[in-house]
Amino acid sequence: VSNRVWFWFIRVLSLIAFVGVLVLSFYLFSTPHATLVHNFDTQLATGFNTSQVYANATASGWNPTLSGSPLTTAGAMVFVFFFLAAPISAYFAGEIKNTLRSMSVGVMGGTLVSWVIAAMGVAAFFVGFGYRFLSAYGFEALVNPTTAPSGAFSVNALVLAAVANPNTAFFIGLGFFLAVLGLVAAPILPASRILFAWSFDQLIPKNFASISDRTHTPIFSLGIICALTIIVAALDTYLSSVLGSFLATTLIVAIAFLPNGVTALVLPFKAPSVFQTAPLTVKRSIGRLPLITLTG
């Protein structure tokens, strides 16, 4: 539609998702453990109670001392927040005047805020449900998800156990949905700008640098990125959960960022004339080693 509408769209998504996290965390921190267990046992979201969760997980090879499942998930959550917070915040900050200051604040601020949100969310679930239950629930969801009568080993059952009011639970679910939507939508803009820059530098066809007279955005580049996004989403949806997730995250992310890292690594040595025209911040070094090489 336009850049202005896009930025407001992202702001609204982020605000609703953030409020949803706060509301859920409040319920998890304030609801007694016994109440959460009772709510989980009496709901129909999963079709079984806590004792059946323990029994099914134990039959699949879980034991109470197993420390991998929830902690690994929590660590992955914090890592993903960190991984996405820095580049996405940097991109949006790069659209603002006084880029040097705004990008520094965006990278550091976005990363720290995301760490706080992730840590608070993980702590809230551990405080509310307890480590032992989350370990069994997460283990069963990962190793043998078909044992759930309704096929639903997901966070939804935990949210419904914590939030008795269906309207509030719906709002939190909406926040999760919008957060995922924003997660998908936000990187599309930087990706389209990369194609635009490559085209502007005559590395790829000039169509990628074409700008809409009405919206002042690279329509062709955006269209290509959206088409690729749909393909990746289809792979993630219709392939097995392990293979689909691998293709949609690890492999795609590696392809997207590896060229940037290699370029940063060799730029000062392979193209010193270009490197010397960069701003002073980019040309900083540690001893004789350029900082951009170390970063790459």
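Undergrad: An account of the overall build of the protein chain is needed here, citing residue identities and associated values.
TA: Within the protein chain one finds 13 helices and 2 strands. For the protein chain, the proportion of its 296 residues judged to be buried stands at 31%. In the protein chain, the proportion of contacts linking residues at least 24 apart, taken out of those at least 6 apart, comes to 67%. Carbon and sulfur atoms provide 72% of the accessible area of the protein chain, an area that totals close to 17700 Å².

Undergrad: Quick one: what's the story with helix α5 (residues 99-129), residue by residue and with numbers?
TA: For α5, built from 31 residues, the straight-helix expectation of 45 Å at 1.5 Å per residue is met to within 8% by its first-to-last C-alpha distance of 44 Å. Directly beyond the C-terminal end of α5, a positive phi value near 90° is found at Gly130.

Undergrad: An account of helix α3 (residues 50-59) is requested, with residue identities and associated values reported.
TA: Along α3, the positions that sit buried rather than exposed are Thr50, Val53 and Ala57. Each buried residue of α3 lies within a common arc of 50° when the element is viewed along its axis, so the set occupies one face. Buried residues in α3 make contact with α2 (33-42) and α6 (131-143). Immediately beyond the C-terminal end of α3, within one or two residues, lies Gly61, with a positive phi of roughly 110°.

Undergrad: Got a sec to walk through the packing of aromatic side chains? Specific residues and values, please.
TA: Two numbers describe a pair of aromatic rings. These are the distance of the centres and the angle of the planes. What the rule picks out here adds up to 11 aromatic pairs. Taking the centre distance of 5.2 Å and the plane angle of 75° together, the rings of Phe40 and Phe133 count as edge-to-face. With a gap of 93 residues between them, Phe40 in helix α2 and Phe133 in helix α6 connect regions that are remote in the sequence. Each member of the pair, Phe40 as well as Phe133, carries the same accessibility label: buried. Arg11 extends its terminal NZ or CZ atom over the ring of Trp8, reaching a point 4.7 Å from the ring centre.

Undergrad: Go over the environment of Ala124 with me, naming the residues and quoting the values.
TA: Relative to the helices and strands, Ala124 is located in helix α5. Remark: the alpha-carbon pair of Ala124 and Leu24, spanning 100 residues in sequence, is separated by 8.5 Å. Beyond its immediate sequence surroundings of up to four residues, Ala124 is in contact with Ser25, Leu28 and Phe29.

Undergrad: I'd like a rundown of the packing of helix α9 (residues 188-200) against helix α10 (residues 219-238), residues and numbers included.
TA: The interhelical angle for the contact between α9 and α10, taken along N-to-C directions, is 125°, at an axis separation of 9 Å. When the axes of α9 and α10 are compared, the pair comes out oblique. The element α9 and its partner α10 pack so that their crossing is right-handed. In contact with Ile188, Leu189, Ala191, Ser192, Leu195 and Phe196 of α9, α10 contributes Ser221, Leu222, Ile224, Ile225, Cys226 and Thr229. Here the contact of α9 with α10 is composed, by residue class, of 9 nonpolar, 3 polar and no charged.

Undergrad: Quick rundown of unusual backbone geometry? Include the residues and the values.
TA: The backbone of Gln202 sits at a positive phi, close to 65°, despite the residue not being glycine. Along the chain, Gln202 falls in the loop between α9 and α10.

Undergrad: Break down a nonpolar patch on the surface for me, with residues and values.
TA: Together, Phe220, Ile224, Leu228, Ile231, Leu235, Leu239, Leu243 and Phe246 give the surface a local cluster of nonpolar side chains, amounting to about 650 Å² of exposed area. In terms of residue count, α10 provides more of the nonpolar patch than any other element does, 5 residues in total. Among the structural elements, Phe220 can be located in helix α10. Exposure remark for Phe220: the relative accessible area of 34% places this residue in the partly exposed category.

Undergrad: Would you mind going over the environment of Ile204 in detail, with residue names and values included?
TA: Looking at the secondary structure, you find Ile204 in the loop between α9 and α10. If sequence neighbours within four positions are ignored, Ile204 has contacts with Leu195, Trp198 and Ser199.

Undergrad: Break down the confidence of the model for the protein chain for me, citing the residues and quoting the values.
TA: Reading predicted coordinates in detail is not appropriate for stretches of low pLDDT. In this model, the protein chain carries an average pLDDT of 80, and 80% of its residues clear a pLDDT of 70 or more. Of all helices and strands in the protein chain, the one with the weakest mean pLDDT is helix α4 (residues 69-94) (64), whereas strand β2 (residues 289-290) scores best (91).

Analysis parameters
Residues numbered from 1 in each chain as written. Predicted model: local features only at pLDDT ≥ 70, side-chain atom pairs only at ≥ 80, totals over all residues. Heavy atoms only, no water. Helix = DSSP H or I, 4+ residues; strand = E, 2+ residues; numbered from the N terminus. Buried < 20%, exposed > 50% of the residue type's maximum accessible area, 1.4 Å probe, protein only. Contact = heavy atoms within 4.5 Å. Areas by Shrake-Rupley, 256 points an atom, 1.4 Å probe, with all protein chains shown as cover. Expected span 1.5 Å × (residues − 1). Arc of directions from axis to C-beta. Phe/Tyr/Trp six-rings, centres within 6.5 Å; stacked < 30°, edge-to-face > 60°. Lys NZ or Arg CZ within 6 Å of the ring centre and 35° of its normal. Axes fitted to C-alpha atoms, helices over the stretch in contact; angles between N-to-C directions. Parallel < 35°, antiparallel > 145°, perpendicular 65-115°, else oblique. Left-handed = near helix turned anticlockwise from the far one by under 90°. Nonpolar A, V, L, I, M, F, W, Y, C, P; charged D, E, K, R; others polar. Patch = residues over 30% accessible without salt bridge, like charges linked within 9 Å, V, L, I, M, F, W, Y side chains within 5 Å. Salt bridge = Lys/Arg side-chain N within 4 Å of Asp/Glu carboxyl O. pLDDT = per-residue confidence, 0-100.

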